[in-house]
Amino acid sequence: MSAFFQNSGLFFALLGAAFATLMAGIGSAIGVGKAGVAASGVLAEEPSLFGKVLIFQLLPATQGIYGLLVGILILSNVGLIGGAKEITVLQGLLYFAASLPIAFCGLYSAIYQSKCAVAGIGTVAKKPDQFGKAILMPAMVETYAILALLISMLAIIGIAGM
Amino acid sequence: MQQDYTYAVARIRFRETRLLNDGDLLSLLSAKDTPSAIRLLRDKGWGDNNDVKDAEALLSLEEKKLWDFIGEIVTEQEVFDFLRVPSDFHNLKVAIKCVTRDEKPDGMLLYNAVCDPMELFDAVSNREYQRLPEYMQDCTREAMTALLQTSDGQLCDMIIDKACMEHVVTLGKQSDNEIIRLYCELFAASGDIKIAVRSAKTKKSHDFILRAMAECDSLDIEKLSAAAALDFDAIIAYLNLTDYKGAVEAIRTSMSAFEKWCDDYLTEVMRSQKWEPFGVGPIVAYILARENEMKAVRLILSAKVNNLSEETVKERLRSMYV
């Protein structure tokens, strides 16, 4: 059992990569789906608004990309992409911890951003000239996903230098 | 699984831009005659590809378009039963009266109802009340017996109206949507107030009034019926102590002024739904707004036919949702 734990650094690092990609990806899938439903509703009534509502729909997609980025970074640092490396249990656990900010923040910010995007789609359906202002509201939610991405990335880079 | 209304609300959001506003109603009112008013409505998207010239046909078409649209965007129609159930009770009155008079219900049945009107008529004419929804069975038996024994159409209507109000209140209590709860409560409370006022004018007994009223949360029907058995001023004195204090002036003016107060009150409460992105609230608000719009258009068009003055119509026009 102790031998397993001594060699499980890579496992924890891989768990971190999977966690970041999975959680943020789930958030984005829910978010893009929800905004897409609202966008389809508006398009059924006014197809000329396609370009505008598409941007709203894509806003919650970014969290999934951030999760993927963190996942790739971890895989690359632990040698699963581009050559094998020795990863200690501590390093593995640290990579796992580094994935948590984008995993949780990605999940929740994508869901809440989609709610905001749905409301924005409603605004554009009524007042297409207010697109510029309406897009700002869901974009604000993005800030927190970016902050989480930043911390996850800084942590991964820091762990690699240890 | 609870229905997600995101798609429906998004479609409603766009449709709200086509609702008539107060300015549109004034333009309609200023139209020189009915054909010009209908032309204005057609410019606003009313009617279909056929050139409908009759006002009533145009309004029926709009009603049908509204419910076809709602059927298209919401799969679980039961959520709107509180709006359609009064049509069922209307059809029940028609069926009972036609059956007892051995007449056909042609043209009197409303089709925007929960139960199929002909099915309902058939069940009543064959006395197969178990084929009716459970909430209709007892009142059908009672109303049929009352009509056959007394030939009193008013008593028959009273029994059915009370059952209708009670069922709408039940539907309101079952709903977790604030707008639906409010609508159902107001439906019963305004019904009770109208019964009280009419009964006071016709000097009905306390027992009769109490029998006609439906229980609701915002009014104590014991007190209201006792006040109605006294006189009109007693009703006003009681209402001044309730949530309907604001309606007292309208009630003093007329019943149509009170109906306008109810519609305006509901419109005011519903305004917040214009920017609510989720839930059934915006859909309910849109349906009520369209119904309100049709009432206003019917009023204007009938005023044109009957040469009523613009001022008279303006006094009766409801405030619009947009």
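Everything quoted here is computed from the prediction, not taken from an experiment. (Residues numbered from 1 in each chain as written. Chains lettered and ligands numbered in written order. Predicted model: local features only at pLDDT ≥ 70, side-chain atom pairs only at ≥ 80, totals over all residues. Heavy atoms only, no water.)

Draft legend 1. Focus on the overall build of chain A. Secondary structure assignment for chain A yields six helices and zero strands. Listed by position from the N terminus, the elements making up chain A come as α-α-α-α-α-α. Computed over C-alpha atoms, the radius of gyration of chain A comes to 19 Å, more than 25% over the 15 Å expected from 2.2 N^0.38 for 162 residues, which places it beyond the range of a compact globule. Dimensions of chain A, computed from the C-alpha atoms along their principal axes, are close to 65 × 25 × 25 Å. The 162 residues of chain A split such that 43% are buried. Considering only residue pairs separated by 6 or more positions, chain A has 85% of its internal contacts joining residues 24 or more positions apart. Approximately 7,800 Å² of chain A is accessible, and the part contributed by carbon and sulfur atoms is 76%. Side-chain charges of chain A comprise 7 positive and 5 negative groups, with the mean position of each set lying 7 Å from the other. (Helix = DSSP H or I, 4+ residues; strand = E, 2+ residues; numbered from the N terminus. Rg over C-alpha atoms; globule rule 2.2 N^0.38 Å. Buried < 20%, exposed > 50% of the residue type's maximum accessible area, 1.4 Å probe, protein only. Contact = heavy atoms within 4.5 Å. Areas by Shrake-Rupley, 256 points an atom, 1.4 Å probe, with all protein chains shown as cover. Lys, Arg positive; Asp, Glu negative; His and termini not counted. Charge placed at Lys NZ, Arg CZ, Asp CG, Glu CD.)

Draft legend 2. The arrangement of the pattern of salt bridges in detail. Residues and elements named next belong to chain B. According to the stated counting rule, one finds 28 salt bridges over all chains in the structure shown. Residues Arg298 and Glu56 are paired through a salt bridge, measuring 3.2 Å at the closest nitrogen-oxygen approach. In this pair, Arg298 is assigned in helix H15 (residues 281–305) and Glu56 in helix H4 (residues 55–73), connecting sequence segments 242 residues apart. A salt bridge links Glu119 to Arg131, with the shortest nitrogen-to-oxygen separation between them at 3.4 Å. Of this pair, Glu119 sits in helix H6 (residues 117–125) while Arg131 sits in the loop between H6 and helix H7 (134–150), placing them 12 residues apart in sequence. Overall, Arg131 belongs to the partly exposed group, its relative accessible area being 34%. (Salt bridge = Lys/Arg side-chain N within 4 Å of Asp/Glu carboxyl O.)

Draft legend 3. Just the packing of helix H1 (residues 6–16) of chain B against H15(B), in detail. Residues and elements named next belong to chain B. For the pair H1 and H15, the least separation of the axes is 9 Å and the interaxial angle reads 35 degrees. Note on packing geometry: the crossing formed by H1 with H15 is left-handed. Two secondary-structure elements touch here, H1 through Ala8, Val9, Ile12, Arg13, Arg15 and Glu16 and H15 through Pro282, Ile283 and Tyr286. Of the residues that constitute the contact of H1 with H15, the class distribution is six nonpolar, no polar and three charged. (Axes fitted to C-alpha atoms, helices over the stretch in contact; angles between N-to-C directions. Left-handed = near helix turned anticlockwise from the far one by under 90°. Nonpolar A, V, L, I, M, F, W, Y, C, P; charged D, E, K, R; others polar.)

Draft legend 4. Structural detail: the domain arrangement of chain B. Residues and elements named next belong to chain B. By domain assignment, chain B separates into domain 1 (1–74 + 294–322), domain 2 (81–174) and domain 3 (176–279). For domain 2 versus domain 3, the distance between C-alpha centres works out to 23 Å. With 18 residues of domain 2 at the interface, the matching set in domain 3 holds 19 residues. A combined buried area of about 1,500 Å² lies between domain 2 and domain 3, and 70% of that area is made up of carbon and sulfur atoms. Of all residues in domain 2, the largest losses of buried area upon contact with domain 3 belong to Phe82, Met158 and Met165, amounting jointly to 37% of the total for that side. In this structure, the salt-bridge partner of Arg211 is Glu142, at a minimum N-O distance of 3.4 Å. Connecting domain 2 to domain 3 are four residue pairs in polar contact (both at pLDDT 80 or more). Elements with a minimum of two residues in the side of domain 2 that touches domain 3: helix H5 (81–101) and helix H8 (153–174). When residues of the side of domain 2 that touches domain 3 are assigned to their parent elements, the largest contribution, 14 residues, is made by H8. For the side of domain 2 that touches domain 3, the per-class residue count stands at 11 nonpolar, three polar and four charged. (Domains from an automatic or database assignment. Buried area = accessible area lost by both parts, 1.4 Å probe. Polar contact = N/O pair within 3.5 Å; in protein donor to acceptor, adjacent residues only side chain to side chain.)

Draft legend 5. Quick look at the interface of chain B and chain A. With 16 residues of chain B in contact, the opposing surface of chain A contributes 16 residues. Counting the surface lost from both chain B and chain A, the interface buries some 1,400 Å², and carbon and sulfur atoms represent 70% of this. The tally of links from chain B across to chain A stands at four salt bridges. The shortest N-O distance in the salt bridge between A:Lys126 and B:Glu16 comes to 2.8 Å. Inspection of the region where chain B meets chain A yields four residue pairs in polar contact (both at pLDDT 80 or more).

Draft legend 6. Looking closely at the nonpolar core. If you look at the biggest cluster of nonpolar residues, it comprises 117 residues, and the most contacted ones within it are B:Leu92, B:Leu239 and B:Ile283. Ranked by residues supplied to this core, first place goes to H15(B) with 13 residues. If you look at the next biggest cluster of nonpolar residues, it comprises 18 residues, including A:Val42, A:Leu59, A:Ala117 and A:Ile121. (Core = buried A, V, L, I, M, F, W, Y, C linked by side-chain atoms within 4.5 Å.)

Draft legend 7. Layout of the packing of aromatic side chains. Residue and element names in this part refer to chain B. Summed over the entire model, instances satisfying the criterion amount to 12 aromatic pairs over all chains. Both rings, one in Trp261 and one in Tyr265, keep their centres 5.1 Å apart while their planes meet at 5 degrees; by these two values the pair is stacked. Of this pair, Trp261 and Tyr265 both sit in helix H14 (residues 255–270), separated by four residues, roughly a single helical turn. What makes Tyr265 partly exposed here is its relative accessible area of 35%. (Phe/Tyr/Trp six-rings, centres within 6.5 Å; stacked < 30°, edge-to-face > 60°.)

Draft legend 8. Local environment of the side chain of A:Gln63. All names here are of chain A. Along the chain, Gln63 turns up in helix H4 (residues 62–77). The class for Gln63 is buried, based on a relative accessible area of 0%. A polar atom in the side chain of Gln63 sits 3.1 Å from the side chain of Thr62. If near-sequence neighbours (up to four positions away) are discounted, Gln63 is found in contact with Ala24, Ser28, Gly106, Ser109, Ala110, Gln113, Glu142 and Ala145.

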